[in-house]
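Residue-level structural notes
Each chain is listed here by its residues.
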Amino acid sequence: MLRILCLALCGLLTGARADPGALLRLGMDIMNHEVQRAMEESHILEKTAAEAGKKRPGVKPIKGLSNMKVKDVVTPVITLNFVPGVGIFQCVATGMTITGKSFTGANMEIIVVLNITATNRFLQDEETGLPMFKSEDCEIILVSVKTNLPSNMLPKVINKFLDSTLHKVLPGLMCPAIDAVLVYVNKRWASLNDPMPLGRMGTVKYALASTPTTTTSHIQVDFSPLVQQQTGKMIPLTSSGESLEFPEGCAEGSSQLLLSAAFLTAELALLQKSLDVKIQDKMVAEVYPKPKPLVTQIRIKKSPKVTITSGKSLLHLHGTLEMFAAQRGKRPVSLFLLEVHFNLRIWYSVHENRLQMATSLNRLLNLSQRSSAVGDVNEKELINFITDYLQEAYIPVVNDVLQVGLPLPNLLDINYDLAELDIVENALVLDLTQA
């Protein structure tokens, strides 16, 4: 019996892990841009060159070379390749001029062209839970070396001196630059753990579902988003039972963010109370001797639900619609109370790095009478009236509530405003190629 229970629990846990609420696929487009920007904005090679001639604790002077300086650092050309199951292999092609006084006492210049290579392992920080890169196996590969040392010196002596000098100078000079660039890149993940507000109703946090994985074409990050009400209560994501998959045909090296319908549903649950409204109408109730203004109260009784099929996304709302006759100085009198189920067509966009939704009434699916103070209501005759009323009076309220926008993962300074959006089965896809 215990064994059966364990197997059942393991199955449940496996299913939950296999159905994350959001997936991020980072292609070489974003990674190239990020590493190149880190190298340029940090000016790390120039800073390293400036520090080269300074005395550093624990670093012995190089025999046969004094007054060393580094200048004329060549703008680096960076090449990245994904290493499946590991991370990224990085090659930085650059060059520089090393100056100083040689063992002969004469001024010396060594013009070096080189490649710096390292494997940047992609890990999950044990303390913060954030993704991070860590460099391993940094090597310096000399492409060419030129010097102004006198040509009448013995070639073996020159080569031995250059080999000894460069192998002592370059690794300690260049490999820390790779580490510094990765520190810069890792900082771009630092805000990922921060809960992001969704209006005043709660927060959304993009927590990692598992350690990111690397393939030959991309890095995949699976998120298990945490949607939390202002009261502290968590809103669970309801699994659809179907695994999330990126659409086929994406450009090689491109990046995408996939948001599941279940995740969007959980986020909109935070806004449920905001969808309850009372509307003062210009229409009048003619069941009284003197016509009276109408007041309509709409309450959403179930959590809003998002469904997504290929090419179409709907927002389902279940609730009540009650109409009152307003009376001066008195409480409004209920005319009738209806149960309603209707859905709205959703159009998605991104503004200021938040997912925006705009809706229009798609269909009134069900309407039934719960109570009436004006006799039996002909539900069929009401359908057209309620349909028009929802579109003209209630949908603008919904769209106003949705203007708060849904937060997107805050990492690598991705500009989601440039993303192209597509609707696939059970998910919304943001193509981040231009982001």
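Everything numeric in this text was worked out from a predicted model, so none of it was measured.

Scoring rules and cut-offs
Here the residue index of a chain counts from 1 through its sequence in written order. This being a predicted model, a pLDDT of at least 70 is required before a residue's local features are given, and a value of 80 or more before pairs of side-chain atoms are given or counted; all residues contribute to the totals for chains, interfaces and linings. Side-chain figures throughout are based on the complete set of non-hydrogen atoms in the structure, without hydrogens or water. For the exposure calls, accessible area comes from a 1.4 Å probe over protein chains only, and a residue counts as buried if that area is under 20% of its type's maximum, exposed if over 50%, partly exposed in between. Helix and strand assignments come from DSSP, with helices taken as H or I runs of at least 4 residues and strands as E runs of at least 2, each series counted from the N terminus. By this definition, two strands are paired if DSSP reports at least two bridges between them. Note on definitions: a residue-residue contact is assigned when non-hydrogen atoms from the two residues lie within 4.5 Å. Note on geometry: axes are lines fitted to C-alpha atoms, helical ones only across the stretch in contact, with angles between N-to-C directions running from 0 to 180 degrees. Defined by distance alone, a disulfide is two cysteine sulfur atoms within 2.5 Å. To estimate the expected span of a helix, subtract one from its residue number and multiply by 1.5 Å. Each residue carries a pLDDT score, the predictor's own confidence in it, on a scale running from 0 to 100. Patch definition: residues above 30% relative accessible area lacking any salt bridge, with like charges linked at up to 9 Å and the nonpolar side chains Val, Leu, Ile, Met, Phe, Trp and Tyr linked at up to 5 Å. Method for areas: the Shrake-Rupley scheme with a 1.4 Å probe, in which residue coverage is limited to the protein chains shown. For salt bridges, the criterion is a side-chain nitrogen of Lys or Arg within 4 Å of an Asp or Glu carboxyl oxygen. Charge counting follows a simple rule: Lys and Arg are positive, Asp and Glu are negative, and His as well as the terminal groups are ignored. Taken as the charge centre is NZ of Lys, CZ of Arg, CG of Asp or CD of Glu, depending on the residue. What is meant by a nonpolar core is a set of buried Ala, Val, Leu, Ile, Met, Phe, Trp, Tyr and Cys residues, joined one to another through side-chain atoms within 4.5 Å. By convention here, the domain bounds are inherited from an automatic or database domain assignment.

The next thing to look at is the pairing of strand β4 (residues 87-101). On any regular strand, side chains alternate: one points to one face of the sheet, the next to the other face. The buried count for β4 comes to 12 of 15 residues, which makes it a mostly enclosed element. Here strand β2 (residues 66-71) pairs with β4 via four bridges, running antiparallel. Across the sheet, residue K71 finds its bridge partner in β4, namely T97. Of the pairings in the sheet, the one linking strand β3 (residues 77-83) to β4 comprises seven bridges and is antiparallel in character. Paired with N81 across the bridge in β4 is F89. In textbook terms, the turn of a hairpin is the stretch between consecutive antiparallel strands, and for β3 and β4 this stretch comprises three residues, one of which, G85, has a positive phi near 75°.

Judged by pairing direction, the sheet is antiparallel, and its four strands sit side by side in the order β7-β8-β11-β12 without closing on themselves. Each end of this open sheet is capped by a strand with a single partner; those strands are β7 (196-198) and β12 (234-235). Sheet topology places β7 next to strand β8 (residues 202-205); three bridges connect them, and they run antiparallel. Bridging across to β8, M196 finds its partner in V204. The strands touched by helix α5 (residues 261-269) within the sheet are β7, β8, β11 (226-229) and β12, with β11 carrying the most contacts at an inclination of about 15°.

Read across the sheet, six strands follow the order β9-β10-β1-β13-β22-β21 without closing on themselves; strand pairing throughout is antiparallel. Edge positions in the sheet fall to β9 (213-214) and β21 (420-424), since each has one partner strand and no second. Bridge count for β9 against strand β10 (residues 219-223) is two bridges, and the pairing is antiparallel. Its bridge partner being in β10, T213 is matched across the sheet by Q220. Packing against the sheet, α5 makes contact with β1 (22-26), β13 (256-260) and β22 (427-431), and its axis sits at approximately 65° to β13.

Summed over all chains, the structure comprises one disulfide. Sulfur-sulfur distance for the disulfide between C138 and C175 comes to 2.1 Å. Torsion about the S-S bond of the C138 and C175 cystine: about -90°, corresponding to left-handed handedness. Placement of the pair is C138 in strand β6 (residues 131-147) and C175 in helix α4 (residues 155-187), with a sequence separation of 37 residues. Using a relative accessible area of 26% as the deciding quantity, one classes C138 as partly exposed. Take C175: its relative accessible area is 15%, and that puts it in the buried class.

We now examine helix α2 (residues 28-42). Given a rise of 1.5 Å per residue, 15 residues ought to cover 21 Å, and the 21 Å separating the end C-alpha atoms of α2 matches this to within 8%. Restricting attention to buried positions, one finds in α2 the residues M28, I30, M31, E34, V35, R37, A38, M39 and S42.

What follows deals with the confidence of the model for the protein chain. The predicted model of the protein chain averages 84 in pLDDT, with 86% of residues at 70 or higher. In this model residues 1-18 is a low-confidence stretch, pLDDT under 50, and it forms two contacts with partners more than four residues away in sequence or in other chains.

A few words on unusual backbone geometry. One non-glycine residue, D72, lies in the positive phi region at around 50°. In this structure D72 comes out as exposed when scored by relative accessible area, which is 52%. One non-glycine residue, D413, lies in the positive phi region at around 50°. Tracing the sequence through the fold places D413 in the loop between β20 (406-407) and β21.

Residues K278, R299, K301 and R331 make up a contiguous surface patch of positive charge. On the secondary structure map, R299 appears in strand β15 (residues 292-300).

Let us now look at the nonpolar core. Ranked by internal contacts, the top residues of the largest apolar core, which has 110 residues, are I98, W189, Y206, L259, Y348, Y394 and L430. No other element matches α4, which puts 11 residues into this core. The two domains that each donate at least three residues to this core are domain 1 (28-190) and domain 2 (236-245 + 252-432). By size, the runner-up hydrophobic cluster in this structure holds seven residues, among which are L244, F246, L258 and V429.

Using the criterion set out here, one finds eight salt bridges in the structure. In this structure, K71 and E109 form a salt bridge, with 3.5 Å as the shortest nitrogen-oxygen distance. Highlighted residues: K71 in strand β2 and E109 in strand β5 (residues 107-124), separated in sequence by 38 residues. For the salt bridge of R188 with D413, the shortest nitrogen-to-oxygen distance reads 2.0 Å. Of this pair, R188 sits in the loop between α4 and β7 while D413 sits in the loop between β20 and β21, placing them 225 residues apart in sequence. A network of salt bridges, in which partner residues are shared, links E34, R37, E41, R188 and D413.

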